[in-house]
Structures are given as structure tokens and as C-alpha cells.
Amino acid sequence: MSPRKIIIDTDPGQDDAVAILLALASPEDIEVLGITCVAGNVPLSLTSKNARIICELVGKPDVKVYAGCDRPLGRELVTAEHVHGETGLNGPVLPDPTMPLQDMHAVDYLIETLRAAAPKSVTLCPLGPLTNIATALTRAPDIAAAVDEIVLMGGGYFEGGNITPTAEFNIYVDPQAADIVFKSGISIVVMPLDVTHKALVTSPRNAAFRALGTAAGTAVAEMTDFFERFDKEKYGSEGAPLHDPCVTAYLIDPALFKGRHINVEIETTSELTMGMTVADWWGVTDRPANALFIKDIDADGFFALLTERLARL
Ligand code: BDR
Ligand code: CA
């Protein structure tokens, strides 16, 4: 089978960085058409810089990186330096990028690329707030035809939220955008906290990254060293959850994951539960299924895949 053509929409973020590395390490499975950046974990100027730092870390300066929306559709930007550090990529010391940011706005790039693509030929992989994707779909609804699937990290049901008691960060930052995407009619795969909190970088898994002895392996070990302190303190978990790499791992080996096709709606009005992913896991409504909501992961298989692929970089 030919590799899946994807566009990664991202707000790096240490876990975004690992997701990007996994994609770049897997050319037989994934062709990265471009990386579009959005404001989220840190402001847009930093996310669009961090994406390029990651590409250069592994000698891929030709990847096209675009800057997109610098704020959510209808709310003030909320960022997550408390998790990711001031730069968004705290942990390793990495040089500033020399590769250019593309001139085109990420939303224009999404529209132009999808309009030129064959029906159902491109997979969108959002790893941050859904502002760029929703803006593109609103401005050019016809582009939906070119999208094979949207595989995204966001939401949570059994785990509750990580930024409010009921909301996960990516959805909370731009609930209006998430609502547009979940109502788009495009086939959606969701990696919520319910699964990503099972993808934990335990000490032996971190040691395996470090033991690769490569720039990528060392950087991933140092990033997860930094990133884990937040979740260890908050949840008492064993290590950093690799939220976003679940998306790119799913593209490579979907058999690592299990979920249900269900209805998922986004809360956009109540301040108390703003950004909640109201997931009808038990089928108690007659609302039609609009997403494959993932709940389980073969974590050992996931880390074996990730380590094997990172070793190539
Ligand atoms: C999500 O929010 C960000 O902090 C991470 O990069 C991930 O995309 C987890 O809630
Ligand atoms: Ca992210």
C-alpha cells in the first residue's frame, strides 16, 4: 500500500514533537505533505518555531512548515506553559531553526492543498486546538471531499478533563472550532485522554529512548523527562503521557488501538463544562455516530513501534 498522505496540524509541545518524529521516521507508512502550526500549548510564534526545530533535529529541513491562526475563533487564547515550559519544548537544549517558515498562511495552504487533491486522499492529523482546521472548513466547505479521515488528539470521557474538571486542553482552547470539526461529516478518529493516559513513558521506556544514542533518542528522553513532572505530580502517574504520538502511531498500526463508533458532541455554551466532549459511549441517545472514540491501547506494542522507528532517525 502506498503511504498515507497527511497534514499535521500542531502546537509543539514535547508530545507533538514526538508525534512529528514518528511520522518523519515512517516514510513507508506516512507521507508528510506539510506541517501547519496553531496557537495552543504556547503562542503561534513559538509553535511555528518549534515545529522547525524538530524537523532540523532529524535532518529534514525540506519539510514545509506553515503558521496559521494565532488565537481561537471566539475566545481568548489559553496556553499551557505550566505543562510544557516557557518555550513549549523545554527539556533538551536545541538550536534555533535556520529552515524557513513558508510565506503562505496555514489555512490558505490547507485549502489550496485539499482543493488540488483527489477525493478522500489526504488525512488530517490535528494535535492541538482545531482552529486552523475549522477555519479552513468554514471558508471552503468543498475541501471536506478531499479528506479521507481526521485523526485527532483531543477530549476525554472516562478520565474527565486535564485543564478543567470536564475538558481536555485541545478542545477547551477552541470549543467552537472543535464543534465545527465534529459536525463536519468527515470521518473522525479521536484519541482522548482515556487512551493517551495509558501511553506512559515509564523509566524503562525512557531509558530505551536514551539508549538509542542518537540526537532524536536523546532529545525525546530529555523532553519526556521534563514533561513527566506535571503528570506525576497531578495524577501520580508513572511518567509522561504521549498524547499526540497516539495519532501518528494509529496511522502506522491501527491494530494497537481499540474504540467504539459513537456520537461525540462538544459543549460550547456552559462556562462550567466548556469544551467537554460529550461522548455517548453507552449509546443512550439516538444521535448518530460521528467518531471512532478510542479507549484502549497496546502500550507495549506502541512503545516498541515508537522506539524502533525513532532508531531510524
Ligand atoms: C494535549 O494538550 C497538549 O498539552 C498536548 O500537546 C496534547 O495535544 C493533551 O491534552
Ligand atoms: Ca499538542
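Look up a bit, the structure's there.
What this report covers is the structure whose coordinates are included nearby. (Residues numbered from 1 in each chain as written. Chains lettered and ligands numbered in written order. Predicted model: local features only at pLDDT ≥ 70, side-chain atom pairs only at ≥ 80, totals over all residues. Heavy atoms only, no water.)

**Observations regarding the overall build of the protein**
At step 1: Along its length, the protein carries twelve helices and twelve strands.
At step 2: Scaling as 2.2 N^0.38, a compact globule of 313 residues should have a C-alpha radius of gyration of about 20 Å, and the protein matches this with 18 Å.
At step 3: Referenced to the eigenvectors of the C-alpha coordinate spread, the extents of the protein come out at roughly 50 × 45 × 40 Å.
At step 4: Restricting to contacts in the protein with at least 6 residues of sequence separation, those with at least 24 account for 82%. (Helix = DSSP H or I, 4+ residues; strand = E, 2+ residues; numbered from the N terminus. Rg over C-alpha atoms; globule rule 2.2 N^0.38 Å. Contact = heavy atoms within 4.5 Å.)

**Re the coordination of the calcium ion (ligand 2)**
In a perfect tetrahedron of four donors around a metal, the angles come out at 109.5 degrees. In a perfect octahedron of six, they are 90 or 180 degrees.
At step 1: For the calcium ion (ligand 2), every protein donor is listed as Asp11 (OD), Asp16 (OD), Asp16 (OD), Leu127 (O) and Asp244 (OD), and the spread of their distances is 2.2 to 2.6 Å.
At step 2: Each donor residue of the calcium ion (ligand 2) belongs to the same chain, and together they define the spacing D-x4-D-x110-L-x116-D. In this pair, the class of Asp11 matches that of Asp16, namely buried. (Donors = N, O, S within 2.8 Å, 3.2 Å for Na, K, Ca; no water. Buried < 20%, exposed > 50% of the residue type's maximum accessible area, 1.4 Å probe, protein only.)

**Quick notes on the packing of aromatic side chains**
At step 1: For the structure shown, the criterion picks out eight aromatic pairs.
At step 2: Ring centres of Tyr157 and Phe158 lie 4.8 Å apart, and the angle between their planes is 85°; on these two criteria the pair is classed as edge-to-face.
At step 3: Centroid distance Phe158 to Trp282: 6.4 Å. Interplanar angle 90°. Geometry classified as edge-to-face. In this pair, Phe158 sits in the loop between β5 (147–153) and α6 (169–173) while Trp282 sits in the loop between β11 (277–279) and β12 (291–297), placing the two residues 124 residues apart along the sequence.
At step 4: Classification of Trp282 by relative accessible area gives exposed; the value is 56%.
At step 5: Of note, Arg75 hangs over the ring of Tyr172, and the distance from its end group to the ring centre comes to 5.5 Å.
At step 6: Taking NZ or CZ as reference, Lys295 lies 4.8 Å from the ring centre of Phe158, over its face. (Phe/Tyr/Trp six-rings, centres within 6.5 Å; stacked < 30°, edge-to-face > 60°. Lys NZ or Arg CZ within 6 Å of the ring centre and 35° of its normal.)

**A look at the packing of helix α9 (residues 203–211) against helix α12 (residues 299–310)**
At step 1: Running from N to C, α9 and α12 point in directions that differ by 15°, and their axes come no closer than 10 Å. What the angle tells us is that α9 and α12 run roughly parallel. The hand of the α9/α12 crossing is right-handed. Taking contact as the criterion, the partners of Arg205, Ala208 and Phe209 in α9 are, on α12, Ala299, Asp300, Phe303, Leu306, Thr307 and Leu310.
At step 2: Of the residues assigned to the contact of α9 with α12, the class counts are six nonpolar, one polar and two charged. (Axes fitted to C-alpha atoms, helices over the stretch in contact; angles between N-to-C directions. Parallel < 35°, antiparallel > 145°, perpendicular 65-115°, else oblique. Left-handed = near helix turned anticlockwise from the far one by under 90°. Nonpolar A, V, L, I, M, F, W, Y, C, P; charged D, E, K, R; others polar.)

**Some points on empty space enclosed by the protein**
At step 1: Tallied over the entire structure, the rule returns one cavity of 30 Å³ or more.
At step 2: Taken as a whole, the largest cavity holds about 220 Å³ of empty space.
At step 3: Lining the largest cavity are 20 residues, with Asn41, His84, Asn162, Phe169 and His243 positioned closest to its centre.
At step 4: Taken together, the elements giving at least two residues each to the lining of the largest cavity come down to α1 (14–24), α3 (81–84), α6 and α10 (215–235).
At step 5: Taken together, the residues of the lining of the largest cavity break down into eight nonpolar, six polar and six charged. (1 Å grid on protein atoms, 1.4 Å probe; cavity = no way out; pocket = protein on both sides within 12 Å on 5 of 7 lines; lining within 4 Å. Points joined across faces, edges and corners; volume = space filled by probe spheres on them.)

**Some remarks on the site of ligand 1**
At step 1: Every residue near ligand 1 is listed here: Asp15, Asp16, Asn41, His84, Leu127, Met153, Asn162, Glu168, Phe169, Asn170, His243 and Asp244.
At step 2: In this structure, Asp15 approaches ligand 1 through a side-chain N or O atom, which is 2.6 Å from an oxygen atom.
At step 3: One of the side-chain N or O atoms of Asp16 is found 2.9 Å from an oxygen atom in ligand 1.
At step 4: Given that more than half its atoms are within 2 Å of the pocket grid, ligand 1 belongs to the largest cavity.
At step 5: Elements represented by at least two residues in the shell around ligand 1 include exactly α1 and α6. (Near = heavy atom within 4 Å. Polar contact = N/O pair within 3.5 Å; in protein donor to acceptor, adjacent residues only side chain to side chain. Sits in = over half its atoms within 2 Å of the grid points.)

**Points about the pattern of salt bridges**
Pairing between side chains becomes possible if they bear opposite charge and their charged atoms approach one another.
At step 1: Counted by the stated rule, this structure contains 17 salt bridges.
At step 2: The salt bridge involving Glu28 is made with Arg312; its shortest N-O contact spans 2.7 Å. Remark: Arg312 occurs in the segment after α12 and Glu28 occurs in the loop between α1 and β2 (30–37); sequence separation between them is 284 residues.
At step 3: The partner of Asp296 in a salt bridge is Lys198, with the nearest N and O atoms 2.9 Å apart. Remark: Lys198 occurs in the loop between α8 (193–196) and β7 (200–201) and Asp296 occurs in strand β12; sequence separation between them is 98 residues.
At step 4: For Asp296, a relative accessible area of 33% puts it in the partly exposed group. (Salt bridge = Lys/Arg side-chain N within 4 Å of Asp/Glu carboxyl O.)

Any functional reading would require information that these geometric values do not contain.
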